[in-house]
Amino acid sequence: MLYPLSPSDRVGVEQISSTLAFIIDRSANGTSDVGNVTLRVDQAMRRVVEKWRMLSGNSSSSSQLWAIRVPDDEVLPESYITHAFTTSISDNAYSIPELTPSTAVSFNRPPVALFRSPLTPVNNVASAKKQAPLLAVHITTLSKHPDIIFLGIALPHTLTDGTGFGMIVNALDCELRGDEWKVPPLPNEGDPNPFVLVVGEAVKAHGSESETMEQLAARFWRDFEVDSWWGRIRYIAGLFWERYWHRAESRNVFLGEEVVRRLVEPVKREVRDITGGEEYVSTGDVLLSWVLKSAYAGDTSEKILGHSSVFNLRSVHSSLEAYPHNALAIFNLPYLSTTSLQITPLSMLSLLHRRSLLAVRPWDTLLLLSSRLDRSTGESSSMVYIRGPSVRFYVVPDMLAQAPMFKRVGPNAMKGRGIGTARGRATIMRAQSRRGRGGPADRGAGRGIRR
């Protein structure tokens, strides 16, 4: 069976591979010997691939789209390779620091070769040329540290995103524990890709029927592409600038559970106090804002910064809940100067990220059940979406007349309240005044090291 992916999986994503890495310290958790761990992981992954046939497929290109050729035989031939499983012993002297719930530490990133075999294709293009298995599992043990096991699971980025990877890891974990897990359903032969169907219908419902999925995908990834030679030169120059002037390094950062709690909980309380409990921020909002502030803490240049992030479309379209492939959308944060980023409180920066995310999430898109949309072209569809602003009148039960959600209605409901701009500006001004009264050292104090 040939299962097509979406056009967004062909705009640069086919050149990217994803490797999920695990480091297992047998001395810390009492794990059995290396041979037993290798055997258990191998057997568990075989059961996962046997149940979830999509993982045993091969990459293929069809009609300008990447597709997965999924074997549909009830019993696969013995010569058919469902996935790659390799092991190695390395003389690498890499060691990990002691990691506890109260630890916050930065350490060198382990070499990718510890988690992925050199025989594994580096992306979907190479996988299709070699007709290699999509899924590759690799286990490495260190001759100098036999208690440490490196486990890597590699897949082309065309096949899955972070959430899809999580589905695979959950399936492997359930098989290791002997628990039941739900296999994501395979589409029927000839069925369209669910992501293409959802996005295509949403685009038409929003009045952009002339835009094809290919054009939408190209616009989707436009912010990530360097579209001129001058732009590429500037991009490469920027990398050298960061590497040799700012002495940037590629490192891993570990934050223990207690550290995250002490960092996140005060920010969440402050946001509740600022907004009167009407708004919230997630742990991810706080951690992302903390990373941004940490990255530019020592930057003395006065420049405008632009940052992009992604959100998961599965959270707003129930038909994509079990969709294991790429289902992401991009949104941009408002532009900030380095000074604004440095002096803005962590709570306000987290709230800015949350508001930016809520502004682009299509919560106001309604799906009509038991409906059919007939177009002037003669086409019809049972997936009928309506934009929330298009609805002029709602009928709700009388019992909801005193519900809190309907309290702030009418022309004067928002009188005296803004969307947060003034409140954020006042917070920044207070921070600036505190800084002028002997706050942090002035920005000319020196050049920091960015990691």
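Here the residue numbering is sequential within each chain, running from 1 through the sequence in written order. With the structure being a predicted model, the display of local features is reserved for residues of pLDDT at least 70 and the display and counting of side-chain atom pairs for 80 or more, all residues being used for whole-chain, interface and lining totals. The side-chain figures draw on all heavy atoms in the structure; neither hydrogens nor water molecules are used.

This next bit is on unusual backbone geometry. Of note in the backbone geometry, Gln131 takes a positive phi value of approximately 55° without being a glycine. Structurally, Gln131 can be placed in the loop between helix H3 (124-130) and strand E7 (136-142). Residue Gln131 is classed as partly exposed on the basis of its relative accessible area of 46%. A run of H or I in DSSP counts as a helix once it spans at least four residues, and a run of E counts as a strand once it spans at least two, with each numbered from the N terminus. Partly exposed describes any residue whose relative accessible area lies between the buried limit of under 20% and the exposed limit of over 50%, with all areas from a 1.4 Å probe on protein chains only and scaled to the type maximum.

Let us look at the packing of aromatic side chains. Two descriptors summarise a pair of aromatic rings, namely the distance from one centre to the other and the angle between the planes of the rings. Working definition: a ring pair exists when centres of Phe, Tyr or Trp rings (six-membered ring for Trp) sit within 6.5 Å. Plane angles under 30 degrees give stacked, over 60 give edge-to-face, the rest tilted. This structure, assessed with the given rule, holds six aromatic pairs. Here Trp52 and Trp181 contribute two aromatic rings whose centre-to-centre distance is 6.3 Å and whose plane-to-plane angle is 50°, an arrangement assigned as tilted. Here Trp52, found in the loop between helix H2 (34-51) and strand E3 (58-62), pairs with Trp181, found in the loop between helix H4 (162-177) and helix H5 (194-205); they are 129 residues apart in sequence, far enough to count as distant. Here the two residues Trp52 and Trp181 agree in accessibility, since each one is buried. An aromatic cluster is defined as three or more aromatic residues linked by ring pairs; in this entry it consists of Tyr94, Phe115 and Phe150. The aromatic ring of Tyr244 is capped on one face by Arg243, whose charged end is 5.4 Å from the ring centroid. Charge-over-ring contacts are defined here by two conditions on Lys NZ or Arg CZ: a distance within 6 Å of the ring centre and an angle within 35 degrees of the ring normal.

So, about empty space enclosed by the protein. Throughout, the protein atoms alone are placed on a 1 Å grid, and a set of points is a cavity if a 1.4 Å probe fits but cannot get out or a pocket if it is open with protein on both sides within 12 Å along at least five of seven lines; lining residues have an atom within 4 Å of a point. Grid points are joined across faces, edges and corners, and a volume is the space filled by probe spheres set on the points. Summed over all chains, the structure comprises three cavities of 30 Å³ or more. By volume, the largest cavity is sized at about 50 Å³. If you trace the largest cavity, you find it lined by Ser17, Thr120, Pro121, Ser127, Pro133, Leu134, Ala136, Ala154, Leu155 and Pro156. Ranked by the residues each element gives to the lining of the largest cavity, the list is headed by strand E8 (residues 148-156), at three residues. Partitioned by chemical class, the residues of the lining of the largest cavity number seven nonpolar, three polar and no charged. Here the second largest cavity is characterised by a volume of approximately 40 Å³. Taken together, Leu292, Leu305, Gly306, His307, Leu333, Pro334, Leu336, Leu341 and Leu349 make up the full set of residues lining the second largest cavity. Three categories are distinguished: nonpolar for Ala, Val, Leu, Ile, Met, Phe, Trp, Tyr, Cys and Pro, charged for Asp, Glu, Lys and Arg, and polar for the others, with Gly belonging to the last.

All axes here are fitted lines through C-alpha atoms, helices being fitted over the stretch that makes contact, and every angle between N-to-C directions spans 0 to 180 degrees. Where H2 contacts H4, the axes come no closer than 9 Å and their chain directions differ by 120°. If you check the angle between H2 and H4, you find them oblique. Where H2 crosses over H4, the handedness of that crossing is right-handed. For the pair formed by H2 and H4, the contact residues are Arg40, Val41, Ala44, Met45, Arg47, Val48 and Lys51 on the first element and Ala171, Leu172, Glu175 and Leu176 on the second. Angles below 35 degrees are treated as roughly parallel, those above 145 as roughly antiparallel, those between 65 and 115 as roughly perpendicular, and all remaining angles as oblique. Two helices that cross are described as forming a left-handed crossing if the nearer one is turned anticlockwise from the farther one by less than a right angle, and a right-handed crossing if clockwise. Working rule for contacts: check all heavy atoms of both residues, and any pair within 4.5 Å makes them a contact.

Strand pairing follows a simple DSSP-based rule, namely that at least 2 bridges must link the two strands. The strand order across the open sheet built from four strands is E2-E8-E7-E5, with neighbouring strands paired in mixed fashion. In the strand order of this sheet, the two ends are held by strand E2 (17-25) and strand E5 (84-90), each with one partner. For this sheet, the mean inter-axis angle between neighbouring strands, taken without regard to orientation, is 20°. Where E2 meets E8, nine bridges bridge the pair, whose relative direction is antiparallel. By the bridge assignment for E8, Thr19 is matched with Ala154.

Glancing now at the nonpolar core. Throughout, nonpolar core names a set of buried Ala, Val, Leu, Ile, Met, Phe, Trp, Tyr and Cys residues whose side chains join them through atoms within 4.5 Å. If you look at the biggest cluster of nonpolar residues, it comprises 50 residues, and the most contacted ones within it are Met45, Trp52, Leu55, Ile68, Leu155, Phe195 and Leu313. Listing elements by their share of this core, those giving two or more residues are H2, strand E4 (65-69), E7, E8, H4, H5, strand E12 (328-332) and helix H11 (346-360). Sequence-distant contacts of Phe195, defined by excluding residues within four places in its chain, comprise Ser6, Ser8, Leu313, Leu320, Tyr323, Asn326 and Ala327. Ranked by size, the runner-up nonpolar core spans nine residues in total, among them Leu263, Val264, Leu346 and Leu351.

Another aspect to go through is a negative patch on the surface. To count toward a patch, a residue needs a relative accessible area over 30% and no salt bridge; like charges are then connected within 9 Å, while nonpolar side chains (Val, Leu, Ile, Met, Phe, Trp, Tyr) are connected within 5 Å. Note on areas: Shrake-Rupley, 1.4 Å probe, and residue coverage restricted to the protein chains presented here. Here a salt bridge means any side-chain nitrogen of Lys or Arg lying within 4 Å of a carboxyl oxygen belonging to Asp or Glu. Here the positive residues are Lys and Arg and the negative ones are Asp and Glu; neither His nor the chain ends is included. Working definition for charges: the position is that of NZ of Lys, CZ of Arg, CG of Asp or CD of Glu. Judged by side-chain charge, Asp72, Asp73, Glu74, Glu189 and Asp191 come together as a negatively charged surface patch. Inspection of the secondary structure puts Asp191 in the loop between H4 and H5.

In this section: the side chain of Ser90. Following the sequence through the fold, Ser90 ends up in strand E5. Taking the relative accessible area as the measure of exposure, Ser90 reaches 18% and is therefore buried. In contact with Ser90, not counting residues within four places along its chain, are Leu114, Thr140, Thr141, Leu142 and Ser143.

Attention shifts here to the packing of helix H8 (residues 257-275) against helix H9 (residues 283-295). Where H8 contacts H9, the axes come no closer than 10 Å and their chain directions differ by 105°. By the angle class used here, H8 and H9 are roughly perpendicular. Here H8 contributes Val260, Leu263, Val264, Val267 and Lys268 to the contact with H9, which in turn contributes Thr283, Val286, Leu287 and Trp290. For the contact of H8 with H9, the class distribution of residues is seven nonpolar, one polar and one charged.

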